[in-house]
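# Descriptive structure summary
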Amino acid sequence: MLAAIVPGRCRHLALPPGKDVFLSPNALSGTSALCADMRRMSAAAVLVIAVLASGCDAPERKPTSEPPPSSAAASPKPRNSLTVVAAGDLLVHPALTEQAAADARRAGRDGHDFTQVLAAVRARVSAADLAICHMETPLAEPTGPFTGWPNFSVPPALADAAAWAGFDTCSTASNHSLDTGVEGIARTLDNLDRVGLRHTGTARTAAESQRPNVMDVGGVKIGQLSYTLSFNDIPLPPGRPWAANLIDADAILAEARRARVAGAEIVILSMHWGTEYQNEPNADQVDLAIRLLSSPDIDLIVGHHAHVVQPFEKVGAKWVAYGMGNLTTRFGDGSAENTQDAVVPEFTFTRTPSGGWEVTGVTVLPTWMEYRPRARVVDLTAALSDPVVPAPRRAHYAAIARRINGYVDLRDAFSAGLRMPHQ
């Protein structure tokens, strides 16, 4: 078990046998202390991680005479609740790439810096027990070329920013998965490995495609799956039908079962689906949600792709977020304003008397991708209570929040228990 260090957070990630571990400088910088749980690791493992962390700007600690904890100490009690945060698409158009380059220059660095774009959601994302992102577009080499629609290839610094914001794992199956071929898939996954982000939905090898993404989150095993409705007419590469996951109900249920066999107590499905620019879910989304959530092997569905916010719905005792919008984007001027809308939901899972898990609370944070004066994700709730924000802008933000609330509730989510500021 590896204690993965990211700024301000400490996670336990159960890595599959034989999988290499990459600890990036970004993941180590700013770490003030090693995780307390490392004291239960072997002496050799602690020594290795202590050496890696010694270059960090950690404050000196006063020596203590307390003896190390006994290896025979009682195991902690099992958790009875945890939080999962999900977010919409990380979609990067050329104008957003230019913003990240400008932010890096402003900080006196070369390359790209997406951290300022994502800064407003860092607190919510990093506070979750597990945070899930969606890497919609393939990552390029550090020097590019960087391209937009129809074949995206975006700066790898996006992975660094996602880790910095506090995400733990990313879905990678999207209609753009094959935009730059198998090389783009490999670059994307290599960069996610580099910054310590888990991933699922695309694969470099057949063996990797069959290995469920199951993570140890504070002693609870959580599996994540990722599937997409298409690859924009780009065929899967010959001999590599496993390179990216295409939506197929039977295949999804089979992988969910493999995740359960691998120990997953909770299984979360990321779905790249729906009709672009349509707030209502289409019939395929609704039918698939009902079928997949009727399985005991899938506990939650979070959706992507539509470029707008789609509703949440409680199906039986389970939830589906049909579409969370674009967390990051930079459509051309004149595009519909609601393509800048997004939500960052938090799902509270509670252990049931039978030992299973159920979502017992859903809170949704509305966000908006503001383009000017600088491209930034806006936490609408925080902005509405900030006296520094000019009144006319606060009024605009309030109208956006009301619009997003309406989309979220198109299938009666509020009456089913979902909570949202300013509803």
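Bear in mind that the values here come from a model prediction, so they are computed numbers and not experimental data. (Residues numbered from 1 in each chain as written. Predicted model: local features only at pLDDT ≥ 70, side-chain atom pairs only at ≥ 80, totals over all residues. Heavy atoms only, no water.)

## Thoughts on the nonpolar core
Worth spelling out the cut-off: Only buried residues count toward a nonpolar core. Its members are Ala, Val, Leu, Ile, Met, Phe, Trp, Tyr and Cys residues joined through side-chain atoms within 4.5 Å. With a 1.4 Å probe rolled over the protein chains alone, any residue whose accessible area is under 20% of its type maximum counts as buried; one over 50% counts as exposed, and the rest are partly exposed. For helices the rule is a DSSP run of H or I covering at least 4 residues; for strands it is a run of E covering at least 2, with both sets numbered from the N terminus onward. The contact criterion used is simple: two residues touch if any of their non-hydrogen atoms lie within 4.5 Å.
Counting 46 residues, the largest nonpolar core has Leu90, Phe114, Leu158, Phe167, Leu197 and Leu327 as its most contacted members. Contributions of two or more residues to this core are made by strand E3 (81-90), helix H3 (94-106), helix H4 (115-118), strand E4 (130-135), helix H6 (157-165), helix H7 (181-194) and strand E15 (357-370). Of all the elements, H6 adds the most residues to this core, at eight residues. Those residues in contact with leucine 327 that sit more than four places away from it in its chain are Ala87, Gly88, Asp89, Leu90, Leu118, Val121, Phe167, Ala342, Val344, Thr367, Met369 and Val377.

## Looking at the pairing of strand E16 (residues 376-379)
Our working definition: A pair of strands is treated as paired once DSSP finds two or more bridges between them.
Neither face of E16 is left uncovered, since the one carrying Arg376 and Val378 and the one carrying Val377 and Asp379 both have all their residues buried. In this structure, E15 lies alongside E16, joined through four bridges in antiparallel fashion. Across the sheet, the residue bridging to glutamate 370 is arginine 376, located in E16. Here E15 folds back onto E16, and the loop between the two strands holds five residues.

## Points about the layout of surface pockets
Put simply, the test is: A cavity, in this analysis, means grid points on a 1 Å lattice covering only the protein atoms where a 1.4 Å probe fits yet has no way out; a pocket is instead an open set bounded by protein on both sides within 12 Å along at least five of seven lines, and a residue lines either one if it has an atom within 4 Å of a point. Grid points are joined across faces, edges and corners, and a volume is the space filled by probe spheres set on the points. In this classification, the charged set is Asp, Glu, Lys and Arg, the nonpolar set is Ala, Val, Leu, Ile, Met, Phe, Trp, Tyr, Cys and Pro, and all remaining amino acids, among them Gly, are polar.
For the second largest pocket, the calculated volume is near 390 Å³. Glu208, Ser209, Gln210, Arg211 and Asn245 are the residues nearest the centre of the second largest pocket, which is lined by 24 residues in total. Classifying every residue of the lining of the second largest pocket by side-chain character gives ten nonpolar, eight polar and six charged.

## Things to note about helix H12 (residues 391-408)
Applicable threshold: A helix is expected to reach a length of 1.5 Å times the quantity of its residues less one.
Over its 18 residues, H12 runs 26 Å from end to end, which matches the ideal 26 Å to within 8%, given 1.5 Å per residue. Buried-residue contacts for H12 involve strand E11 (312-315), strand E14 (341-351), E15, E16 and helix H11 (380-384).

## Comments concerning helix H9 (residues 249-261)
With 13 residues, H9 should cover 18 Å at 1.5 Å per step; its first-to-last C-alpha distance of 18 Å lies within 8% of that length. Looking at the buried positions of H9, the neighbouring elements they touch are strand E6 (198-200), strand E7 (213-217), strand E8 (220-228), strand E9 (266-272) and helix H10 (283-293). The positive-phi residue at the C-terminal boundary of H9 is glycine 263, with phi of around 110°.

## Concerning the environment of glycine 166
Tracing the backbone through its elements, the reader meets glycine 166 in the loop between H6 and strand E5 (169-171). What makes glycine 166 buried here is its relative accessible area of 0%. Spatially, the C-alpha atoms of glycine 166 and arginine 124 are 8.7 Å apart, while their sequence positions differ by 42 residues.

## Examining the pairing of E9
Heads up, the condition is: Classification remark: right-handed applies to a crossover when, strands pointing away from the viewer, the course from the first strand over the helix to the second runs clockwise.
In terms of burial, E9 is largely enclosed, as seven of its seven residues are buried. The two faces of E9 match: Ile266, Ile268, Ser270 and His272 on one face and Val267, Leu269 and Met271 on the other face are all buried. Pairing of E8 with E9, which is carried by seven bridges, proceeds in the parallel orientation. If you follow serine 226 over to E9, its bridge partner there is serine 270. Taken together, E9, H10 and strand E10 (residues 300-304) constitute a β-α-β crossover, and its handedness is right-handed.

## Remarks on the pattern of salt bridges
Worth spelling out the cut-off: Salt bridge criterion: a side-chain nitrogen from Lys or Arg within 4 Å of a carboxyl oxygen from Asp or Glu.
Counting across every chain of the model gives 18 salt bridges. In this structure, the salt-bridge partner of aspartate 103 is arginine 106, at a minimum N-O distance of 2.7 Å. With aspartate 103 and arginine 106 both in helix H3, this residue pair falls three residues apart, about one helical turn. For arginine 106, a relative accessible area of 47% translates into the label partly exposed. Between aspartate 193 and arginine 204 there is a salt bridge; the shortest N-O distance is 2.9 Å. With aspartate 193 in helix H7 and arginine 204 in the loop between E6 and helix H8 (206-209), this residue pair connects regions lying eleven residues apart in the sequence. Taking relative accessible area as the criterion, aspartate 193 reaches 9% and is therefore assigned buried. Residue class for arginine 204 comes out partly exposed when judged on its relative accessible area of 21%. One salt-bridge network, in which partners are shared between bridges, spans Asp190, Asp193, Arg204 and Glu208.

## What to know about unusual backbone geometry
Following glycine 144, the chain continues to proline 145 via a peptide bond in cis, the omega torsion being 5°. Mapped onto the elements, proline 145 comes out in the loop between E4 and H6. Residue proline 150 is reached from tryptophan 149 by a cis peptide bond, and omega for that bond is 5°. The residue proline 150 is located in the loop between E4 and H6 in this model.

Honestly, it's all geometry; don't read function into it.
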